[in-house]
Amino acid sequence: MCDGPPNWIFQHPAYQQMKGLEVGDSEQLHAAFLVFMDLTEVRRWKEVSCVKSPELQVVLLEAKEKEGAPVQTVFPLPVHRSLSHRSVRQALDRGFPVLLCAVAADSTLVYQRMTDGLVTPDPPAGPFQDVGRRQHRKRRQQR
């Protein structure tokens, strides 16, 4: 059996920088690297950097969606990991808007915006009609 070339991820400068933060959780470190690559290479976010959260012992990413946009904190988390209220609170207390990024074993990434309190969602876009309940009510009244 041949050893093959070393895994390119371990050689990547961003991975090495994250590893230097010494969070001690290789799975979260790998998740943070995958999110870093998505933000920089796919989504083309600007000024992406990694920081250590001493309270949470995780690598967080800070980035701007586009030039001139505000900084956002991205919290990469392996999908099977639980999230406590305390860890959400500590991420939100950093002062930047927070995106939680769930990272699946197959490298699927799902981003979810986290807010301090409840936020009313935007109404759905498109030619939707809310007829379900009204039609049902009309049918009952006709009986």
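Provided above is the structure to which this section pertains.
An account of the accompanying structure is given in this report. (Residues numbered from 1 in each chain as written. Predicted model: local features only at pLDDT ≥ 70, side-chain atom pairs only at ≥ 80, totals over all residues. Heavy atoms only, no water.)

**Remarks on the environment of E27**
- With respect to the helices and strands, the residue E27 is situated in helix α3 (residues 26–42).
- Measuring from C-alpha to C-alpha, the distance between E27 and P78 comes to 7.1 Å, with 51 residues separating the pair along the chain.
- Residues in contact with E27, not counting those within four places in the same chain, are P78, H80 and R81. (Helix = DSSP H or I, 4+ residues; strand = E, 2+ residues; numbered from the N terminus. Contact = heavy atoms within 4.5 Å.)

**Here's the deal with the packing of aromatic side chains**
- Applying the stated criterion across every chain yields a total of three aromatic pairs.
- Among the aromatic side chains, those forming a connected cluster through ring pairs are W8, F10, Y15 and F33. (Phe/Tyr/Trp six-rings, centres within 6.5 Å; stacked < 30°, edge-to-face > 60°.)

**Comments concerning the sheet that holds strand β4 (residues 98–103)**
- Pairing in this open sheet of five strands is mixed, and the strands run β1-β2-β3-β4-β5 from one edge to the other. Here the strands that pair on one side only, and so sit at the sheet edges, are β1 (46–53) and β5 (109–114). Between one strand axis and the next, the sheet turns by 30 degrees as a mean value, whatever way the strands run.
- Of the pairings in the sheet, the one linking β1 to strand β2 (residues 58–64) comprises six bridges and is antiparallel in character. Paired with C50 across the bridge in β2 is L61.
- Contacts between helix α4 (residues 85–92) and the sheet are confined to β3 (71–78), β4 and β5, with β5 contributing the most and set at about 75 degrees to the helix. (Pairing = 2+ DSSP bridges. Axes fitted to C-alpha atoms, helices over the stretch in contact; angles between N-to-C directions.)

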